[in-house]
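# Structural features, examined
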Amino acid sequence: MSVRKRLRIIAAFLLCGIFLLAIAAELVTPYSYAQQFREIPNASPSELHPLGTDGLGRDLFSRLLYGTRVSLLLAPAAALLSTLIAGALGGAAGFLGGWWERAILAMADLSMASPLLFVLIALRAILPLNVAPLVSVIATFLILGLLGWPSSLRVIWAATRNIRNSDFLLLARSTGCGPMRMIFRQIFPNLRPGLFAQFWISIPVFILTEATLSMLGLGVSEPMPSWGNLLRGLEDFSAVTSNPGRFAPLVMLTLVVICFQIILPSQEDLG
Amino acid sequence: MNTVDKVLVIHEGLADDQMVRNSRAPAAFVDGAYGCRGLPRRDVSAIFTGYGVDERELDPRLSQPSIEWIRSQHNRDPGLIRYYGKYLGAAVRGDFGTSESLHRPISQLLAERFHVTLRSVSLAVITAWAAAFALATLSWLFGGWLFDLSCTLISGFMLSLPAAVIALLFVYLRAPVFLAIAVVMFPKLFRFIHNLLSHASEQPHVLAARARGIARPQIFLRHILAPAAATLVALLGTSASMSFGTAVPIEALCDSAGIGQLAWYAAINRDLPLIINLTLIVTLITVACNSFADYSSKLISGEI
């Protein structure tokens, strides 16, 4: 077994472990993410609070687990949404060609011209800032999913165009195969590896973007935890030096993103 | 003090009040969704009930002339085409409107802050490119598997850190802002250049040059760098977009008075004219950079 394969297995196990821990947060920790222990704010790690508490006396370990759940469930959801949009638009552009192709590609180019973070904060600014925490979570990841498609679209479009010009599609067309049948039986199965790769690539990108947005106060709002707003704890230098547990969200986020990078399918895997 | 001044004084007094900002949320949302007051008011109000009603009109401290003034502000929209015509005409003259939160002309804010970001971004692009190119070249020329692996691991680790965390680290280190932007850009550039050089070195003409015993530096300059130059120039254009995007969290957290920090401030205060103008200007800059890079790339590759 090659080193890369071994690394992938380890990364997959780590990701599954973290995912299960986040899913079973209620069983692992007795505290809710919003429960306050006002008599012990900024406490150091102890038996009751393995990572200590934050400035409001909330258990950091519970918040980390619930925050992991938010980031690990919603980043793939946003990635799925952006991949579906990229697949639909890129597939349509590649398959239909002509002015459809030109219009869709122009739209993607226009979207790619503006830095994602500028557009994200502009859109986030349109929405009210003090919405319910759950709404802020959904809004943040929905915006990520709705804006993250242009780079994937180019890849899907190029792949679809190659398939459109392929011999097997010409054969299918000559045998009287209808457009819908061609899309679902010929094109989509061949696009699947590309879509799958784009989905995996988008997840760590969205995790990191959410972290940056939340650290700027424009992402998931309190008291709902996410890796991004847990990282805001690092802004308090005195608390960070007295409690190294504050680094836990950063360690978790970095570990998960590295795992995703390792798991990413290579060219050989995609055939 | 005239009526307009009175309204402004009262409005400024309430500007930090979250309640006021939130009460204007539906109007702001529709404004943003329809291109910053782009649609004629009658059309929008038919769709969104309550749109166009400013909650400030309910403030008992305001006199009738002040309320009339607020209403007149809402009724100024002349229609979609005329609105954008006026906006573009004013933008050409350098008038981008007025910031709602800072109550200052946007062009003035841009003039004050743009050079700060331009300096940081230019220095960051130069630093990141120099470091990434030097390391990728060294890796190709002299690096064994250990050097290669170390570079890949370090860049992989740096890619896994959010830009805002790197900004915080630079706040603690009291290091310059441009260096933080360069650190965020470096791993992406390094990976791209490294892959580009690796791919180029596997080409048959490079293998043939090696077989003929040509020295490695000469192969690098004549057979690898020359064909890859067009792609590298195209990457330079993309770096501009990347660096402006990175400037937002870095400037906001490092307290650098550039347009990145201004964009963050505008987003926090829901200052739509400011944030939309900033986004448009940054988009225009990146389009210009990309077009220039694209043209240069085609010129180098002989397509033009």
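Now for a quick tour of the structure. (Residues numbered from 1 in each chain as written. Chains lettered and ligands numbered in written order. Predicted model: local features only at pLDDT ≥ 70, side-chain atom pairs only at ≥ 80, totals over all residues.)

## Quick look at the overall build of chain A
- Along its length, chain A carries 13 helices and zero strands.
- Secondary structure elements in chain A, listed N-terminal to C-terminal, are α-α-α-α-α-α-α-α-α-α-α-α-α.
- Counting across all 271 residues of chain A, residues that qualify as buried make up 42%.
- Within chain A, contacts between residues at least 6 apart in sequence are counted, and of these 70% link residues at least 24 apart. (Helix = DSSP H or I, 4+ residues; strand = E, 2+ residues; numbered from the N terminus. Buried ≥ 20, exposed ≤ 12 C-beta atoms within 10 Å, placed from the backbone. Contact = placed C-beta atoms within 7 Å.)

## Focus: the overall build of chain B
- Within chain B one finds 14 helices and zero strands.
- In chain B, which comprises 304 residues, the proportion classed as buried is 32%.
- Across chain B, the fraction of contacts at a sequence separation of at least 24, relative to all contacts at a separation of at least 6, is 72%.

## Points about unusual backbone geometry
- The residue after Glu222(A), namely Pro223(A), is reached through a cis peptide bond having omega 0°.
- Phi is positive for Asn42(A), close to 55°, though the residue is something other than glycine.
- Topologically, Asn42(A) is positioned in the loop between α2 (25-28) and α3 (60-96).
- When the 17 C-beta atoms within 10 Å are taken as the criterion, Asn42(A) is described as partly exposed.
- Of note, His103(B) is a non-glycine position whose phi angle comes to about 55°, a positive value.
- Within the element layout of this structure, His103(B) appears in the loop between α6 (80-92) and α7 (106-141).

## Observations regarding the packing of helix α9 (residues 179-215) of chain A against helix α12 (residues 248-263) of chain A
All names here are of chain A.
- Packing of α9 against α12 brings their axes to within 9 Å, and their N-to-C directions diverge by 160°. Taken together, α9 and α12 sit at an angle that is classed as roughly antiparallel. Considering how the two elements wind past one another, α9 and α12 form a crossing that is left-handed. Counting all contacts with α9, which are made through Trp200, Ile203, Pro204, Ile207, Leu208 and Ala211, the residues of α12 involved are Leu253, Val256, Val257, Phe260, Gln261 and Ile263.
- The residue makeup of the contact of α9 with α12, split by class, is eleven nonpolar, one polar and no charged. (Axes fitted to C-alpha atoms, helices over the stretch in contact; angles between N-to-C directions. Parallel < 35°, antiparallel > 145°, perpendicular 65-115°, else oblique. Left-handed = near helix turned anticlockwise from the far one by under 90°. Nonpolar A, V, L, I, M, F, W, Y, C, P; charged D, E, K, R; others polar.)

## Things to note about the nonpolar core
- Within the largest apolar cluster, 108 residues are counted, with the highest numbers of intra-cluster contacts made by Ile121(A), Ile207(A), Ala167(B), Ala180(B), Ile181(B), Ala263(B) and Ile275(B).
- Per-element tally for this core: the top contributor is helix α10 (residues 177-201) of chain B, with 13 residues.
- Aside from chain neighbours lying at most four places away, what touches Ala263(B) is Phe118(A), Ile121(A), Val248(B), Ile275(B) and Leu278(B).
- The next biggest cluster of nonpolar side chains, apart from the first, holds 13 residues, and it includes Ala86(A), Ala108(A), Leu153(A) and Ile156(A). (Core = buried A, V, L, I, M, F, W, Y, C linked by C-beta atoms within 7 Å.)

## Concerning the interface of chain B and chain A
- Taken residue by residue, the interface counts 38 residues in chain B and 32 residues in chain A.
- Listed by contribution, the elements that provide at least two residues to the side of chain B that touches chain A are α2 (18-23), α3 (25-33), α9 (163-173), α12 (216-254), α13 (259-268) and α14 (272-301) of chain B.
- Looking at which element gives the most residues to the side of chain B that touches chain A, the answer is α14(B), with ten residues.
- Of the residues that constitute the side of chain B that touches chain A, the class distribution is 26 nonpolar, eleven polar and one charged.

## Regarding the environment of Arg191(B)
Residue and element names in this part refer to chain B.
- Inspection of the secondary structure assignment puts arginine 191 in helix α10.
- Take arginine 191: there are 18 C-beta atoms within 10 Å of it, and that puts it in the partly exposed class.
- It is 31 Å that separates the C-alpha atoms of arginine 191 and leucine 262, two residues lying 71 residues apart in sequence.

## Structural notes on the environment of Ala130(B)
All names here are of chain B.
- Summarising the element assignment, alanine 130 is placed in helix α7.
- Judged by the 13 C-beta atoms lying within 10 Å of it, alanine 130 falls in the partly exposed class.
- Along the sequence, alanine 130 and tyrosine 172 sit 42 residues apart, while their C-alpha atoms lie 25 Å from each other.

## Quick look at the environment of Leu253(A)
Residues and elements named next belong to chain A.
- Secondary-structure assignment places leucine 253 in helix α12.
- Accessibility expressed as a C-beta count within 10 Å gives 27 for leucine 253, which makes it buried.
- A C-alpha to C-alpha distance of 25 Å links leucine 253 and proline 150, two positions 103 residues apart in sequence.
- Leaving out residues up to four positions away in the same chain, leucine 253 has contacts with Ile207, Ala211 and Trp227.

## Focus on helix α5 (residues 116-126) of chain A
- When you tally the buried positions in α5(A), you get nine out of eleven residues, the bulk of the element.
- Within α5(A), the full set of buried residues consists of Leu117(A), Phe118(A), Leu120(A), Ile121(A), Ala122(A), Leu123(A), Arg124(A), Ala125(A) and Ile126(A).

## Focus on the packing of α3(A) against helix α7 (residues 150-164) of chain A
Residues and elements named next belong to chain A.
- α7 packs onto α3 with a crossing angle of 40° between their chain directions and a minimal axis gap of 7 Å. Taken together, the axes of α3 and α7 are oblique relative to one another. In this structure, α3 meets α7 at a crossing whose hand is right-handed. Where α3 approaches α7, its residues Ser82, Thr83, Ala86, Gly87, Leu89, Gly90, Gly91, Ala93, Gly94 and Phe95 are matched on the opposing element by Ser152, Leu153, Ile156, Trp157, Thr160, Arg161 and Arg164.
- A breakdown of the residues in the contact of α3 with α7 according to their chemical character gives seven nonpolar, eight polar and two charged.

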